[in-house]
Structure formats: structure tokens, C-alpha cells
Amino acid sequence: MLGGKKVTVVFVLGGPGSGKGTQCTNIVEHFGFTHLSAGDLLRAEIKSGSENGTMIDTMIKEGKIVPSEVTIKLLQEAMIKSENDKFLIDGFPRNEENRAAFENVTKISPAFVLFFDCAEEEMEKRLLGRNQGRVDDNIETIRKRFKVFVESSLPVIEYYSSKDKVKKIDAAKPIPEVFEGVKAIFAPYAPKVK
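Because the structure is a prediction, the values reported are computed rather than measured.

Peer 1: An account of helix α4 (residues 68-81) is needed here, citing residue identities and associated values.
Peer 2: End to end, α4 covers 20 Å across 14 residues, agreeing with the expected 20 Å (1.5 Å per residue, within 8%). Listed as buried for α4 are S68, V70, T71, I72, L74, L75, Q76, A78 and M79. Packing partners of the buried residues in α4 comprise β1 (8-14), β2 (34-37), α2 (38-47), α3 (51-61), β3 (86-90) and α5 (96-106).

Written out as C-alpha cells, the structure reads:
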């Protein structure tokens, strides 16, 4: 329950460049979920020029992880504002502390975790290829982000694996093939045809 509505939450995890964003777009289109990217919410907060935004900006530039409470508050506000009750939360929880804080603060446990498994070489190639002019798309920062992902996010994946809540996707395949795997997982959430 969140703001009086029962919600379904799916955490979407995978290293930088594993194709999470692309597949989230497909899931939204086919299964009617609302996509909440922790990164986008943080970037929007930075753009707003708020005090909170300035603090977030500094931390990201230093390659640090933003405090859980900050991100959770942004996610919660977005979920409450939304008309929807099915959410993909992308790039969060980033670590065990995020995970525990999210469940404690929101009292929501995810339906499952969608994990995009992709080799580091492949992700590096994709990130350098996309170069969307994001500050964090240079080789040093990319390698730092991989290291942070492995050290921080894998324990989250292991935690949910122990609860049988991880659905792993081979994200190194071409986009359409990856989506076939995603569709099979989301079939139970397909909108009911009236």
C-alpha cells in the first residue's frame, strides 16, 4: 500500500549499459507499467536547482552514491503522483542499505527483481558507443561505475535470489531477443483484454 493504493513494484537491475532503459521502454509499452528511473529522478532534481539537487549533483560528480532517503523520497513522490499501480524501478536499490531502507520506509517488497546480466566488455562497448553527452560516459567513470555496481548491487541480487525473487535475463543478446525473454517474465502482468 502506498498513499492508499496497492502497488506492484519490480526492481530493474543491471550494470551501466546493460540495456535496462531500452527494455523498460518496451515493458511500459506492452505491459502498462510506469517506469521510474532513480537516475532520471535524481537528474530532474538537480535541474530543479533545489538545495537537494545541488547536493545530489556534487555526490554524482564525485562518483558517490546518493543517500537512500533522498532517492526513496523521490521514488515515493513519483509513485503517489502517478495514476498507475504498477511500477518498474530502474537502477535502484543500488546496495543493501538502499534495499533495506526502501522496504522499511515504503513497506513495499518488490514482486520480483529483473536482472539484466551482461558482460563488462559488452557494456563498456555500448556506453562508449552511445555517448549521449552524459558527464558520466567516459572510460574512467564507466570503470568506476562497473566496480560500484559489482560491489554494491550484487549483494542485493543475492539477497533477492535467496528469496527466489530474481528473474535473470541474458542482456548481451540483440534487443529483440532480450525483449522476448522479458515478455515471458511479464506475461502474468499483461493488461487484461476487455
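Peer 1: How would you summarise the packing of α4 against α5 if you had to cite specific residues and measurements?
Peer 2: At a minimum axis distance of 10 Å, the contact between α4 and α5 shows a crossing angle of 45 degrees. The angle between α4 and α5 places the two elements in the oblique class. Crossing of α4 against α5: the hand is right-handed. Two secondary-structure elements touch here, α4 through S68, E69, I72, L75, Q76 and M79 and α5 through E97, N98, A101, F102, V105 and T106. A breakdown of the residues in the contact of α4 with α5 according to their chemical character gives 6 nonpolar, 4 polar and 2 charged.

Peer 1: I'd like to hear about the state of the cysteines, residue by residue, with values.
Peer 2: Scanning all chains against the criterion turns up 0 disulfides. There is no disulfide at C24, and the cysteine sulfur nearest it, in C118, is 15 Å away. Taking relative accessible area as the criterion, C24 reaches 0% and is therefore assigned buried.

Peer 1: Lay out the packing of α5 against helix α7 (residues 139-162) in plain terms, naming residues and giving numbers.
Peer 2: As a packed pair, α5 and α7 sit with axes 8 Å apart at the nearest point and diverge in direction by 50 degrees. When the axes of α5 and α7 are compared, the pair comes out oblique. Residues E96, R99 and E103 of α5 pack against S152, P155, V156, Y159 and Y160 of α7.

Peer 1: Kindly report on the UniProt feature "binding site: ATP" (unreviewed entry) in the chain, identifying the contributing residues and their values.
Peer 2: UniProt records the feature "binding site: ATP" (unreviewed entry) for G17, S18, G19, K20, G21, T22, R130 and K173 in the present numbering. With respect to the secondary-structure elements, G21 resides in helix α1 (residues 20-31). Assignment of secondary structure puts K173 in the loop between β5 (166-170) and α8 (175-186). With relative accessibility at 38%, the residue K173 sits in the partly exposed group.

Peer 1: Tell me about α3, and name the residues and values.
Peer 2: Every buried residue of α3 is listed here: G53, I56 and M59. Down the axis of α3, the sector holding all buried residues measures 125 degrees, keeping them to one side. In α3, the exposed residues that point more than 90 degrees away from the buried face are E51 and K61. On its buried face, α3 sits against α2 and α4. Phi for G63, located one or two positions after α3, is positive at around 75 degrees.

About the criteria used
- Per chain, residues are indexed from 1 in the order of the written sequence.
- At least 70 in pLDDT is required for a residue's local features to be given in this predicted model, at least 80 for side-chain atom pairs to be given and counted, and no such filter applies to totals for whole chains, interfaces and linings, which use all residues.
- Side-chain numbers here rest on the full set of heavy atoms in the structure, without hydrogens or water.
- In DSSP terms, a helix is any run of H or I states spanning at least four residues, a strand is any run of E spanning at least two, and both are numbered starting from the N terminus.
- How far a helix is expected to stretch is found by multiplying one less than its residue total by 1.5 Å.
- Relative accessibility under 20% of the residue-type maximum defines a buried residue, over 50% an exposed one, and the middle range a partly exposed one, all with a 1.4 Å probe and only protein chains included.
- The contact definition used throughout considers only heavy atoms, calling two residues in contact when any of these lie within 4.5 Å.
- Axes here refer to lines fitted to C-alpha atoms; in helices the fit is confined to the stretch in contact. Angles between the N-to-C directions go from 0 to 180 degrees.
- Orientation labels follow simple angle bins: below 35 degrees gives roughly parallel, above 145 gives roughly antiparallel, 65 to 115 gives roughly perpendicular, and whatever is left gives oblique.
- In this scheme the handedness of a crossing depends on how the near helix is turned from the far one: anticlockwise by less than a right angle means left-handed, clockwise means right-handed.
- Gly is put with the polar residues, along with every residue not named as nonpolar or charged; the nonpolar set is Ala, Val, Leu, Ile, Met, Phe, Trp, Tyr, Cys and Pro, and the charged set is Asp, Glu, Lys and Arg.
- Cysteine sulfurs are considered disulfide-paired once they come within 2.5 Å of each other.
- UniProt positions are given in the numbering used here, feature names are shortened, and annotations may be inferred rather than shown by experiment.
- This arc is taken over the directions from the axis of the helix to the C-beta atoms.

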